[in-house]
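Examining the three-dimensional arrangement
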Amino acid sequence: MLKSKTFLKKTRAGGVMKIVREHYLRDDIGCGAAGCSACGGAHEGPALEPQPQDSASTLCPRPHYLLPDTNVLLHQILSAWRLGTWAFVASSLRPPGSLETYVEQEQGENSNDRNDRAIRVAAKWYNEHLNKMSAENQLQVIFITNDRKNKDKAIEEGIPAFTCEEYVKSLTANPELVDRLACLSEEGNEIESGKIIFSEHLPLSKLQQGIKSGTYLQGTFRASRENYLEATVWIHGDNEENKEIIVQGLKNLNRAIHEDIVAVELFPKSQWVAPSSVVLHDEGQNEDDVEEEEEKECILKTVVNEKMLKPTGRVVGIIKRNWRPYCGMLSKSDIKESRRHLFTPADKRIPRIRIETRQASTLEGRRIIVAIDGWPRNSRYPNGHFVKNLGDVGDKETETEVLLLEHDVPYQPFSQAVLSFLPKMPWSITEQDMKNREDLRHLCICSVDPPGCTDIDDALHCRELGNGNLEVGVHIADVSHFIRPGNALDQESARRGTTVYLCEKRIDMVPELLSSNLCSLRCDVDRLAFSCIWEMNHNAEILKTRFTKSAINSKASLTYAEAQMRIDSATMNDDITTSLRGLNKLAKILKKRRIEKGALTLSSPEVRFHMDSETHDPIDLQTKELRETNSMVEEFMLLANISVAKKIHGEFSEHALLRKHPAPPPSNYEILVKAAKSKNLEIKTDTAKSLADSLDQAESPAFPYLNTLLRILATRCMMQAVYFCSGMDNDFHHYGLASPIYTHFTSPIRRYADIIVHRLLAVAIGADCTYPELTDKHKLADLCKNLNFRHKMAQYAQRASVAFHTQLFFKSKGIISEEAYILFVRKNAIVVLIPKYGLEGTVFFEEKDKPKPRLTYDDEMPSLKIEDTVFHIFDKVKVKIMLDSSNLQHQKIRMSLVEPQIPGVSIPADISNMDINEPQKKKKKLGK
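Residues numbered from 1 in each chain as written. Predicted model: local features only at pLDDT ≥ 70, side-chain atom pairs only at ≥ 80, totals over all residues. Heavy atoms only, no water.

Each helix and strand in the protein chain was counted, giving 21 helices and 36 strands. Taking all 928 residues of the protein chain together, the buried fraction comes to 51%. Partitioning the intrachain contacts of the protein chain with sequence separation of at least 6 by distance along the chain shows that 68% fall at a separation of at least 24. Accessible area of the protein chain: about 44400 Å², with a carbon and sulfur share of 50%. (Helix = DSSP H or I, 4+ residues; strand = E, 2+ residues; numbered from the N terminus. Buried < 20%, exposed > 50% of the residue type's maximum accessible area, 1.4 Å probe, protein only. Contact = heavy atoms within 4.5 Å. Areas by Shrake-Rupley, 256 points an atom, 1.4 Å probe, with all protein chains shown as cover.)

Encoded structure:
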């Protein structure tokens with residue numbers, strides 16, 4: 001049977017379009033319940049489980065299916081529903097195309113009411129239909145809704161209906177499920193006697209009007225890691241003047257949470273403030289002690305030069321909540337038998353969350369997941385509910401899962417659908433594979449990588465040609481040969497975006513068969529590659545460039561140290577060593593030329609852990625040593641990326657996937673310029689070239705490490721490099737490399753961007769065919785957005801892994817004294833770097849329940865005077881390092897000043913581990 005509906009719709013251009021909607025209704029669709037004789041076998045296979053388990057519900061003792069309304073599904077999707085403890089969902093019952101359950105919208109009825117009625121019709125039909133089953137097989141459908149009107153109507157119509165809370169509380173076999181119920185509204189969960197703390201959020205309609213008129217500005221709320229009473233709002237659009245707005249103070253933050261899209265009201269210039277230089281963490285247990293918060297807000301204000309003031313405002317409304325499930329720990333209430341507790345998220349940018357749970361004793365000392373439900377105006381913290389128990393705090397597997405979840409890293413095993421697109425083993429190169437491909441297996445190609453590398457993306461060769469010039473080749477794994485556009489393997493690789501390298505494990509972007517085997521350019525095996533080959537003279541000037549798909553056979557897989565040893569050896573002169581020496585010589589010329597053009601040589605302390613072979617605990621920690629061979633490989637990868645960028649942009653001016661590095665705004669360099677000035681050095685920042693030259697000249701014979709510190713600080717001033725589509729942007733420049741165009745071509749095993757670049761290059765040289773998505777700039781722009789997000793999250797996850805393993809290292813070492821350099825001075829602390837371990841930490845000078853020293857902060861210098869001792873950036877100090885385990889949730893490397901000696905501030909050189917942790921542990925016990 002056909003039902004149709006015709007209506008008119010106005011187009012954007014002002015015209016009128018006739019729209020006809022047709023519904024084809026059938027009477028032969030089965031119900032989907034196994035054992036139903038009434039359907040007469042009309043359904044091909046059961047959609048629902050054949051024997052629904054008895055849910056042990058006091059309200060519904062008979063076996064039953066659940067039919068939730070839309071709002072229940074939306075509210076509970078992250079809680080009990082997702083964890084599989086509900087009975088059985090009948091949301092896939094009779095399709096809307098069924099003759100008996102089709103519901104048309106009535107005149108004057110809104111779509112929400114129509115949907116509610118449609119679900120009730122389906123529930124009623126099901127109960128009548130299933131009543132025809134034999135008595136022993138008889139099933140019931142229970143309607144679950146939190147809408148009081150909807151529930152009352154269902155009961156009037158003879159449908160068994162309950163609210164979500166009523167049904168869950170009736171499940172005698174699963175009493176803990178109540179903890180996982182989401183709260184329904186912010187207003188309904190306000191603390192009975194609580195006074196109003198926050199101003200009301202304006203409705204969306206008013207916010208949109210205000211944004212349109214310029215009264216309010218829309219942006220992304222970014223909470224501070226260092227100060228829980230401060231945030232910045234990054235304004236969307238082209239308003240360059242007020243790109244970043246500071247929000248300070250609990251009431252001005254007005255219940256916004258990190259990554260929410262908010263509307264802010266800009267204060268007049270007389271009320272603008274400077275970014276706070278105070279390090280402030282929320283360590284209070286009293287969830288509604290707002291007076292204490294107001295006291296803390298007073299210390300945020302610093303008397304500063306007028307030019308330091310930034311646009312300042314307050315949050316007036318939430319445009320879009322970007323909440324996610326949060327990992328962390330329960331901070332158990334001191335009140336005996338209390339069900340209300342605070343949850344402390346692992347991410348310091350997220351506020352504590354108030355939850356109700358009957359399992360506090362079980363969950364104490366565990367990592368758990370909590371979801372936020374709402375944030376009432378009279379509550380200091382948002383409300384939420386318990387979702388999942390992950391495991392013991394400090395357990396390596398649990399902590400790794402936490403950091404992967406917190407950084408949204410897809411880490412689940414690859415599905416069978418994805419794995420089905422892998423090549424069948426044993427695999428070898430076929431005649432078909434060699435079409436449009438050069439055979440380069442005779443060349444003396446080798447790879448140079450870190451020790452233990454199994455996903456070898458790149459290999460190199462250098463040989464002299466008959467005309468006296470040199471042929472140099474960069475050969476990159478041809479991953480795009482194995483991953484074809486649009487299939488499940490391609491979609492999963494695009495979703496993951498990048499391989500994530502943790503200290504102990506690797507989360508692959510592509511399955512291991514490709515990453516560590518068929519695509520890895522291991523030695524002495526035939527592999528498919530994409531080659532970029534240059535003819536150069538001995539001055540590293542490029543005479544010709546060509547690109548070709550190829551087959552190669554690497555003659556050696558070397559580490560950086562092994563390659564360096566060959567280059568430096570007086571006795572080795574084989575083909576591989578000769579090739580390496582040629583590459584190294586050219587690389588030095590290329591690097592010199594790049595630096596002359598203004599490319600930056602920056603620095604960041606990187607550490608390498610040496611693991612115990614049995615326990616896998618870190619037993620040694622040292623900064624990574626960089627050799628000439630690291631630089632040699634880097635130079636040719638950069639050159640290949642630039643050459644490919646020019647080629648694909650030349651062929652696809654609107655659809656090339658490129659990478660750019662924006663120039664930092666002048667304000668970013670303020671801290672670097674001031675730091676250099678405090679050491680009587682001048683850093684010029686008007687161009688990348690002047691910055692590079694200034695850094696080269698900023699030397700101090702008496703302080704050789706000063707130049708490294710300046711380069712580390714310069715790195716902190718930089719903007720993030722990003723992927724973009726050439727047709728959606730005008731600025732292609734890569735600031736750090738001083739290159740007018742750049743892309744990523746050299747790591748397709750671990751970066752999806754490189755796979756797209758390979759596909760573009762293959763089409764450009766006629767080695768492969770194109771497909772619609774490859775030349776759709778809007779889809780490419782969306783892809784770039786995901787790749788930028790995944791790349792950023794991978795970096796953060798990697799840093800979190802290093803931080804956790806550093807904690808493990810110092811846990812076993814006890815207390816260590818080391819020399820450190822001040823990187824930043826704050827109003828109440830100094831941030832120091834310990835070169836030996838590449839470790840950064842904060843030394844606080846104000847602690848709870850301890851006499852406060854006299855602190856004088858000067859933002860202009862910048863400097864911090866403690867009693868009679870003045871600290872400047874880059875000053876050398878001595879600190880004690882230890883693992884502070886007094887707060888299980890945020891175990892941290894704690895640093896205390898040893899030298900210079902300041903009475904009442906510096907700690908004695910012989911202080912023990914117990915001296916620092918013990919008083920806090922005792923205090924915690926007394927508090928209970």
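As a further point, take the sheet that holds strand E10 (residues 313-320). The strand order across the open sheet built from 5 strands is E8-E7-E6-E9-E10, with neighbouring strands paired in antiparallel fashion. Across the chains shown, the open sheet's two edge strands, defined by having one partner strand only, are strand E8 (244-248) and E10. Going from strand to strand, the sheet's axes swing by 40° on average, the running direction of each strand aside. Summarising the sheet, strand E6 (residues 216-223) and strand E9 (residues 261-266) pair through 5 bridges and their orientation is antiparallel. Its bridge partner lying in E9, Gly-219 is registered against Val-262. The sheet strands contacting helix H5 (residues 204-213) are E6, E9 and E10, and the helix crosses E10 at an angle near 120°. (Pairing = 2+ DSSP bridges. Axes fitted to C-alpha atoms, helices over the stretch in contact; angles between N-to-C directions.)

Moving on: the confidence of the model for the protein chain. Confidence in the prediction of the protein chain, expressed as mean pLDDT, is 83, and 80% of residues score 70 or more. When the criterion is pLDDT under 50, residues 185-193 qualifies, and its contacts beyond four places in sequence or with other chains add up to 19 contacts. Per-residue pLDDT stays below 50 along residues 912-928; that stretch engages in 22 contacts with residues further than four places along the chain or on separate chains. (pLDDT = per-residue confidence, 0-100.)

What follows deals with the sheet that holds strand E14 (residues 366-374). Pairing in this closed barrel of 5 strands is mixed, and the strands run E11-E12-E13-E15-E14 around the ring. Taking each pair of neighbouring strands and ignoring which way they run, the sheet shows an average axis angle of 55°. In the sheet, strand E12 (residues 340-345) pairs with strand E13 (residues 353-356) via 4 bridges, with the strands oriented antiparallel. Bridging across to E13, Phe-343 finds its partner in Ile-353. Its contacts with the sheet put helix H9 (residues 396-406) on strand E11 (326-331), E14 and strand E15 (383-392), and the angle it makes with E15 is roughly 140°.

What follows deals with the environment of Ala-371. Mapping Ala-371 onto the fold places it in strand E14. When the C-alpha atoms of Ala-371 and Tyr-326 are compared, they prove to be 6.2 Å apart, with 45 residues separating the residues in sequence. Filtering out sequence-adjacent residues up to four positions away, Ala-371 remains in contact with Gly-384, His-385 and Val-387.

Structurally, the position occupied by Thr-398 is in helix H9. The exposure class of Thr-398 is buried, given its relative accessible area of 5%. Look past the residues within four positions of Thr-398 in its chain and what remains in contact with it is Arg-367, Leu-390, Gly-391 and Asp-392.

Contact geometry of helix H16 (residues 670-677) with helix H18 (residues 706-717) gives a least axis separation of 9 Å together with a crossing angle of 160°. Here H16 is positioned roughly antiparallel relative to H18, judged by the angle of their axes. When you trace H16 past H18, the crossing you get is right-handed. Along the contact surface, H16 presents Ile-671, Leu-672, Ala-675 and Ala-676, while H18 presents Leu-710, Leu-713, Ala-714 and Cys-717. (Parallel < 35°, antiparallel > 145°, perpendicular 65-115°, else oblique. Left-handed = near helix turned anticlockwise from the far one by under 90°.)

Counted by the stated rule, this structure contains 11 aromatic pairs. One aromatic cluster in this structure is built from Phe-703, Tyr-705 and Tyr-821. One Lys or Arg, Arg-496, reaches over the ring of Phe-414 and ends 3.9 Å from the middle of that ring. (Phe/Tyr/Trp six-rings, centres within 6.5 Å; stacked < 30°, edge-to-face > 60°. Lys NZ or Arg CZ within 6 Å of the ring centre and 35° of its normal.)

Our next topic: the pairing of E12. Burial runs high along E12: 5 of the 6 residues are buried. Across 4 bridges, E11 lies against E12 in antiparallel orientation. Bridge assignment links Ser-331 to a residue of E12, and that residue is Leu-342.

Before going further, it helps to examine empty space enclosed by the protein. Counted by the stated rule, this structure contains 3 cavities of 30 Å³ or more. Of the volumes computed, that of the largest cavity is approximately 70 Å³. In terms of lining, the largest cavity is formed by His-407, Asp-408, Val-409, Pro-410, Arg-496, Thr-498, Val-500, Ile-507, Arg-790, Met-793 and Ala-794. The dominant element in the lining of the largest cavity, judged by the number of residues it contributes, is helix H20 (residues 777-813), at 3 residues. For the lining of the largest cavity, the class distribution of residues is 6 nonpolar, 2 polar and 3 charged. Estimated volume of the second largest cavity: approximately 40 Å³. Classifying every residue of the lining of the second largest cavity gives 5 nonpolar, no polar and 3 charged. (1 Å grid on protein atoms, 1.4 Å probe; cavity = no way out; pocket = protein on both sides within 12 Å on 5 of 7 lines; lining within 4 Å. Points joined across faces, edges and corners; volume = space filled by probe spheres on them. Nonpolar A, V, L, I, M, F, W, Y, C, P; charged D, E, K, R; others polar.)

Another point: a negative patch on the surface. Residues Asp-113, Asp-147, Asp-152 and Glu-156 make up a contiguous surface patch of negative charge. Within the element layout of this structure, Glu-156 appears in helix H3 (residues 148-156). (Patch = residues over 30% accessible without salt bridge, like charges linked within 9 Å, V, L, I, M, F, W, Y side chains within 5 Å. Salt bridge = Lys/Arg side-chain N within 4 Å of Asp/Glu carboxyl O. Lys, Arg positive; Asp, Glu negative; His and termini not counted. Charge placed at Lys NZ, Arg CZ, Asp CG, Glu CD.)

Once that is clear, we can look at the side chain of Glu-406. You can see Glu-406 is positioned in helix H9. Overall, Glu-406 belongs to the buried group, its relative accessible area being 11%. Within the structure, Glu-406 has its side chain in polar contact with the side chain of Arg-324 (distance 3.0 Å). Setting aside chain neighbours within four positions, we find Glu-406 in contact with Arg-324, Pro-325, Tyr-326, Cys-327, Ala-346 and Asp-347. (Polar contact = N/O pair within 3.5 Å; in protein donor to acceptor, adjacent residues only side chain to side chain.)

On to helix H17 (residues 688-697), then. Those residues of H17 that fall on the buried side of the exposure criterion are Ala-688, Ser-690, Leu-691, Ala-692, Ser-694 and Leu-695. Buried positions along H17 lie against H16 and H18.

Moving on, we get to the packing of helix H15 (residues 628-651) against helix H19 (residues 752-764). Between H15 and H19, the least distance of the axes is 9 Å, while the angle of their chain directions is 60°. When you trace H15 past H19, the crossing you get is left-handed. Taken together, the residues of H19 that come into contact with H15 (itself represented by Val-644, Lys-647, Ile-648 and Glu-651) are Val-757, Leu-760, Leu-761 and Ala-764. Across the contact of H15 with H19, the residue classes tally to 6 nonpolar, no polar and 2 charged.

The next point concerns the nonpolar core. Among the nonpolar cores identified, the biggest contains 89 residues, and Leu-514, Trp-534, Leu-580, Phe-636, Leu-657, Phe-745 and Ile-756 are the most heavily contacted of them. Sorting elements by how many residues they give to this core places H19 first, with 10 residues. Dropping the residues within four chain positions of it, Ile-756 is found in contact with Leu-657, Tyr-771, Leu-774, Leu-780 and Leu-783. Ranked by size, the runner-up nonpolar core spans 29 residues in total, among them Leu-672, Ala-698, Tyr-735 and Phe-874. (Core = buried A, V, L, I, M, F, W, Y, C linked by side-chain atoms within 4.5 Å.)

Quick look at unusual backbone geometry now. Here the residue pair Met-425 and Pro-426 is connected by a cis peptide bond, since its omega of -5° sits within 30 degrees of zero. Relative to the helices and strands, Pro-426 resides in the loop between helix H10 (416-419) and strand E16 (438-439). Cis rather than trans, the peptide bond between Glu-899 and Pro-900 has omega equal to 5°. For Pro-900, the position within the fold is in the loop between strand E36 (892-899) and helix H21 (913-927). Despite not being glycine, Glu-259 has its phi angle at roughly 80°, a positive value.

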